[in-house]
Protein chains: 2
Amino acid sequence: MAPDPRFLEAARAYRDELVAAGLLIPTGVPGVMGRGGEFEDTLDRVDALVTRFGASDGATVMRFPPILNKLTFEKSEYLKSFPQLAGTVHSFNGDDAAHRALLHGVEAGTDWARDLPSTDVVLTPAACYPVYPAVAGVLPANGRIVDVLSFCFRHEPSDDPARLQAFRQREHVRIASPEQVASWRNTWFERADQFTAALQLDARVEVANDPFFGRGGKLLVVNQRDQQLKFEVVAPIASSEWPTAIISLNYHQDHFGHLFGITTDDGATAHTSCIGFGLERITLALYRKHGFARERWPDGTRKVLGL
Amino acid sequence: MAPDPRFLEAARAYRDELVAAGLLIPTGVPGVMGRGGEFEDTLDRVDALVTRFGASDGATVMRFPPILNKLTFEKSEYLKSFPQLAGTVHSFNGDDAAHRALLHGVEAGTDWARDLPSTDVVLTPAACYPVYPAVAGVLPANGRIVDVLSFCFRHEPSDDPARLQAFRQREHVRIASPEQVASWRNTWFERADQFTAALQLDARVEVANDPFFGRGGKLLVVNQRDQQLKFEVVAPIASSEWPTAIISLNYHQDHFGHLFGITTDDGATAHTSCIGFGLERITLALYRKHGFARERWPDGTRKVLGL
């Protein structure tokens, strides 16, 4: 669904304010922004706060690069639902003559990348995707909890500073029986509430849906909302009227367990769920709510961030 | 130059040890590895140590995502020298019918990504590339020093755990007059020495060259080495006989100043130089030198890392 023109106008204006304050650095491509030193420092503190909220779980920490095995990506069925957001990686493998032709293309201003063959990797679409093949097989009795963070890519060029093409997701992923997953989800619903309260953000929880592609996607949206498989914590960034998702709680049922061959210790297909913290978005929500002068943020907010 | 087969054998064996110890996590693609929690924690501490060594410079901190404006990339002339290492990003922009064809391609095992159009971004080849357009124009009298870090991509699938396709470079970039750049380089030559000594690594400095492409590349190699434009600090990772570059000091003369229109305050084209710390490689060199039991690393090494 295309955003309201009034939202986009507000988003553009707020992006320009963020750039003028040195918090974001434009690169010439919509949705591809550098981060200033203070913005990055605040983001690191948000990340550390997520760590504190999940610390008692003893999650296994894994960190993956921004590129993903193309076979894992194919297996995940991401292309069925979100082909428009994916990014494949292509690379030159020619000889000296092909190199000369490539450089001629660049000089002539043609789409020189058009004919480059694809490589074995794609850009990581969500932080949890590399986790599923890494835990394939039979789970221990309590299932698994994995703590993951990576840069994610979504091809959705936008002037909204909260809709970046490359952004960091910090996730906790639960891989276990349906009952274990349900109990974990309840814990994180409470923690998400406490998390936004600690930061003194005007946040609320909503039933949500993913941006499924095409005509068939409409049915998937209805199904996802009816079954309440996705919740989002939203807070104002560019606009109070149209707040932005800053945390997302997703229940995949046995989708990934089935695709990647993950089973519980009694042989059933594992269920999975994840909670994703949009680190840039939470950081932006903080600047929106408390202003650009970080030294004047409320004492409570500064304290939980270690400022 | 292809590596010695004995080096590759040693590299494969060492990669398997790192995986068995939980420090690296295989993903099925050579050179695309996840990082275990302890590895990542050590890497963060190495990064913090770089911060301490550069702290007195008052560098401007900028952080960029792993994707780069394709126009910046074209302007940088990276494709002239290293077409074989670059990665372009492509994305689907078709309708429902094209989507069905795409999914058929995936099911049939064809190269479904082959015909996807390229986007406005490429993978970031080196952490300093987005800095040059960000500082274009006239510099202040003292020039600039920028502190940058990003995931970089090089398409060079390898079994060597130190030759990753996606890895983090922490860089300091000097943009100034030739004299200011020369003085800054001398400072970092000394600091690099102190840095590896603090970590108690068996490191040494060497004149080096970039892997320029093709027949024309051979001349560029000779020129770069004759003029001593590139130095590397090398230390053993997979092999003591063939150590690996862990820090790289590059002098670009007026190459980037010219391409991106950066001038000193007296109107001359700015010179640039950067020092790049390979964070994964330094971390790997630490495990190689001091062993997989971090709690038994030498007291001095543990102390500078805050362990």
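Please refer to the structure higher up on the page.
For clarity, every value in this text was computed on a predicted model and none was experimentally measured.

A. Quick look at the nonpolar core. Ranked by size, the top nonpolar core spans 81 residues in total, and within it I175, F195, L199, I246, I247 and F277 of chain A carry the most contacts. Non-local contacts of I175 of chain A, meaning those with residues more than four positions away in its chain, are made with V131, V135, L139, G143, R144, V146, I262, A270, H271 and T272 of chain A. Residues L23, F82, V221 and L286 of chain B belong to the second largest nonpolar core, which totals 80 residues.

B. Representation of the pattern of salt bridges within the structure. The full count for this structure, using the stated rule, is 40 salt bridges over all chains. In this structure, the salt-bridge partner of R163 of chain A is E156 of chain A, at a minimum N-O distance of 3.2 Å. Residue classification places R163 of chain A among the partly exposed positions, given a relative accessible area of 32%. Put simply, D147 of chain B and R170 of chain B hold a salt bridge, and the shortest N to O gap is 2.8 Å. Note that D147 of chain B is positioned in strand β8 (residues 144–153) and R170 of chain B in strand β9 (residues 166–176), a separation of 23 residues in sequence. Like D147 of chain B, the residue R170 of chain B is buried in the burial classification. Among the ionic contacts, a cluster of salt bridges with common partners joins R12, R15, D16 and D159 of chain A.

C. Structural view of the environment of G105 of chain B. Residues and elements named next belong to chain B. With respect to the helices, strands and loops of the structure, G105 is situated in helix α5 (residues 96–108). In this structure the C-alpha to C-alpha distance between G105 and G261, which are 156 residues apart in sequence, comes to 45 Å. Residues within four places of G105 in sequence aside, it is in contact with T110 and W112.

D. Quick peek at the packing of helix α2 (residues 37–54) of chain B against helix α10 (residues 279–290) of chain B. All names here are of chain B. Across the interface, α2 lies against α10 with an axial gap of 9 Å and an inter-helix angle of 110°. If you check the angle between α2 and α10, you find them roughly perpendicular. The element α2 and its partner α10 pack so that their crossing is right-handed. Residues E38, F39, T42, L43, V46 and D47 of α2 touch α10, and the partners they reach there are L279, E280, I282, T283, L284, L286 and Y287. Here the residues of the contact of α2 with α10 sort into eight nonpolar, two polar and three charged.

E. Structural view of the sheet that holds strand β5 (residues 88–90) of chain A. With antiparallel pairing, six strands are arranged side by side in an open sheet as β4(A)-β6(A)-β5(A)-β5(B)-β6(B)-β4(B). Whereas interior strands pair on both sides, the edge strands pair on one side only; in this sheet they are β4 (67–69) of chain A together with β4 (67–69) of chain B. With strand direction ignored, the average angle separating the axes of adjacent strands in the sheet is 45°. As judged from the three bridges shared by β4 of chain A and strand β6 (residues 118–123) of chain A, these two strands associate in the antiparallel manner. The partner of I67 of chain A across the bridge, within β6 of chain A, is L123 of chain A.

F. Region of the structure containing the relation of the copies chain A and chain B. Least-squares fitting of chain A to chain B yields an RMSD of 0.0 Å, with the transformation described by 0.0 Å of translation along the axis and a rotation of 180°. Look at the turn and shift together and you get a two-fold axis relating the two. If distances are taken from each C-alpha of chain A to the rotation axis, the shortest is found for V89 of chain A, at 2.4 Å. A high fraction, 98%, of the interface residues of chain A reappear at the interface in chain B, so the copies pair face to face through one surface.

Reading guide: rules and limits
- Residues numbered from 1 in each chain as written.
- Chains lettered and ligands numbered in written order.
- Predicted model: local features only at pLDDT ≥ 70, side-chain atom pairs only at ≥ 80, totals over all residues.
- Heavy atoms only, no water.
- Core = buried A, V, L, I, M, F, W, Y, C linked by side-chain atoms within 4.5 Å.
- Buried < 20%, exposed > 50% of the residue type's maximum accessible area, 1.4 Å probe, protein only.
- Contact = heavy atoms within 4.5 Å.
- Salt bridge = Lys/Arg side-chain N within 4 Å of Asp/Glu carboxyl O.
- Helix = DSSP H or I, 4+ residues; strand = E, 2+ residues; numbered from the N terminus.
- Axes fitted to C-alpha atoms, helices over the stretch in contact; angles between N-to-C directions.
- Parallel < 35°, antiparallel > 145°, perpendicular 65-115°, else oblique.
- Left-handed = near helix turned anticlockwise from the far one by under 90°.
- Nonpolar A, V, L, I, M, F, W, Y, C, P; charged D, E, K, R; others polar.
- Pairing = 2+ DSSP bridges.
- Least-squares fit on C-alpha atoms with pLDDT ≥ 70 in both.

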